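# Summary of structural features
Listed here are the chains, written in short residue letters.
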Amino acid sequence: MDLKLTEEEQKFREDFRTWLKENLPKEPLTGRSEDDPNYWNQLRGWQKKLAEGGWAGVSWPDEFGGRGATPIEEALYLEELAVCDAPERAGVIGEGLVGPTIIAEGSQKQKEFFLPRILDGTDIWCQGFSEPDSGSDVASLSTKAVLDGEHYVVNGQKIWTSFAHMADWCLLLVRTDPNAPKHKGISCLLVDMKSEGLSVRPLRQMSGDAGFNEMFFSDVRVPATNLLGQLNEGWKITITALMNERANLGSGLYVGFKKTLNELIERSKTIRRNGSPATKDPINRQKIAQAYLELEILKLNSNRALSQITNNATPGPEGSILKLYWSEFNQRLVQSAMEILGEQAQLKDFDQGKWIYRYLRSRGNTIEAGTSEIQRNIIAQRVLGLPRSY
Ligand SMILES: Cc1cc2nc3c(=O)[nH]c(=O)nc-3n(C[C@H](O)[C@H](O)[C@H](O)COP(=O)(O)OP(=O)(O)OC[C@H]3O[C@@H](n4cnc5c(N)ncnc54)[C@H](O)[C@@H]3O)c2cc1C
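### With respect to helix H9 (residues 318-341)
Between the first and last C-alpha of H9 there are 35 Å, a value that for 24 residues agrees with the 34 Å anticipated at 1.5 Å per step. Among the 24 residues in H9, 20 count as buried, and that is most of the element. Positioned one or two residues after H9, Gly342 has a phi angle of 90 degrees, which is positive.

Below you can see the structure in the form of structure tokens.
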């Protein structure tokens, strides 16, 4: 693992830094909430700006509007965005998960139509995989699609679909052969969220946001040309998409967590617990030092995953090590923050409610993109070569 940046990598970072200095929104976005349409319009605007500057889909090949950035360059890109507190990217599912899957499996027409619209924020995507009875074991899904002339007719229900309430399109997994073994009868459809018969019901999380949803499909007609890849071979696409998701979710997180830790250190100096600053308490000091150490381990783990992706060209099971580590680290970090800052950190008015929001939101980290138990199974079987336990 060579951690020194090459000249090209340094230039890549400098170019992006310069662009960001000129183009970053001068004011923070307003109405920062996962369910505020006005906030989403601002995010679409930011996505468009990134695309106009050539800074969207950086890891996509040039021919599809990207920059062909290497995994290391992509990590630098995400780091720079985090360092300057850039707005989140509305296209994160489209750019990180759907786009690469369409590039790998899509028809020429699908590439021409969908890819530019992902890059410039015209289309926001969601990922319709989980169902009420199929989460970890997503291959047991039962939403079905039946070919009727030139359309697939879809019936069933999805759940926990992030951004479905704002999305224009959905990467949807459906069962197309109910008689085949469960991994063999799945296909992948690209579904217009405005389709008749498709309804979306937001679910409010304990953090207060309504960022994910239930989706109900009642005789939804999807053009057969919107089948992605081959009929009944959707499982391969699912694996590609999930590996991209795990690899992407981990990148650039170090900077975000570092900011949280630095804020915690500064806040601990000013807040008083038992008559003196929180930082005087030896237990609090240990918790902060522990978080610092674990964060540096996260950085090393990220570098290792990056180096493996660089060597293997596609994300592999090592993404699971990173996913497991960052999600559990974040929960420990915000748990420590709540303990150090005390009961008042639970109030919405304390530091604009950011500590309680972080604490509550972090609970989902070990569930989204595959639970910790599932990541451990992947590491046991595919990294360590242990036998399956069931
Ligand atoms: C914030 C958030 C955003 C999400 N966004 C999306 C999205 O956009 N699209 C989407 O499709 N889904 C999304 N999900 C759903 C997520 O992928 C599922 O919740 C997750 O895969 C777990 O599935 P489940 O909830 O059905 O739990 P289950 O699979 O029912 O698991 C229940 C418990 O059993 C454990 N378990 C299950 N199987 C095993 C096993 N084989 N070995 C050991 N333990 C096991 C699990 O670890 C868990 O603790 C999101 C979830 C969250 C929290």
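### Things to note about the domain arrangement of the chain
When the domains of the chain are assigned, the result is domain 1 (7-90), domain 2 (125-231) and domain 3 (252-383). The interface is formed by seven residues belonging to domain 1 together with nine residues belonging to domain 2. Surface buried jointly by domain 1 and domain 2 totals about 680 Å² across both partners, of which 52% is contributed by carbon and sulfur atoms. Applying the counting rule to domain 1 against domain 2 returns one salt bridge. We note a salt bridge from Arg44 to Asp168, for which the minimum N-O separation is 3.1 Å. One can count two residue pairs in polar contact (both at pLDDT 80 or more) joining domain 1 with domain 2.

### Quick notes on the environment of Glu63
With respect to the secondary-structure elements, Glu63 resides in the loop between helix H2 (37-52) and helix H3 (71-83). For Glu63, a relative accessible area of 66% corresponds to the exposed category. C-alpha separation for the pair Glu63 and Glu214, spaced 151 residues apart in sequence, amounts to 36 Å.

### Re the site of the ligand
Around the ligand, 18 residues are found, and the nearest of them are Ser130, Ser136, Trp160, Thr371 and Glu373. Gln127 places a main-chain nitrogen or oxygen 2.7 Å from a nitrogen atom of the ligand. Note that an oxygen atom of the ligand is positioned 3.0 Å from one of the backbone N or O atoms of Phe129. Expressed as a share of its isolated accessible area of 970 Å², the protein-covered part of the ligand is 68%. For the shell around the ligand, the secondary-structure elements that each account for two or more residues are strand S3 (151-162) and helix H11 (372-383).

Cut-offs applied
- Throughout this document, residue positions are counted from 1 along each chain, in the order its sequence is written.
- Where totals are concerned, whole chains, interfaces and linings use all residues; where local detail is concerned, this predicted model gives features only for residues with pLDDT of at least 70, and gives and counts side-chain atom pairs only at 80 or more.
- Calculation of side-chain values draws on the structure's entire complement of heavy atoms; hydrogens and water are dropped beforehand.
- Helix and strand definitions follow DSSP, with helices as H or I runs of at least four residues and strands as E runs of at least two, each counted in order from the N terminus.
- To estimate how far a helix should extend, the number of its residues minus one is multiplied by 1.5 Å.
- Type-normalised accessible area, obtained with a 1.4 Å probe on protein chains alone, sets the label of each residue: buried when under 20%, exposed when over 50%, and partly exposed for intermediate values.
- Source of the domain bounds: an automatic or database domain assignment.
- We call two residues contacting when some pair of their heavy atoms lies within 4.5 Å.
- As used here, buried area is the combined drop in accessible area, with a 1.4 Å probe, of two parts when they are placed together.
- Salt bridge, as used here: a side-chain nitrogen of Lys or Arg that lies within 4 Å of a carboxyl oxygen of Asp or Glu.
- Contacts described as polar in this section are N or O atom pairs within 3.5 Å, which, within protein, must combine one atom able to donate a hydrogen with one able to accept it, while residues neighboring in sequence count only if both atoms come from side chains.
- Distances are taken per atom, and a residue is near a molecule or strand as soon as one of its heavy atoms is within 4 Å of it.
- Only the protein chains shown count as cover for residues, with accessible areas throughout obtained via the Shrake-Rupley method and a probe of 1.4 Å.

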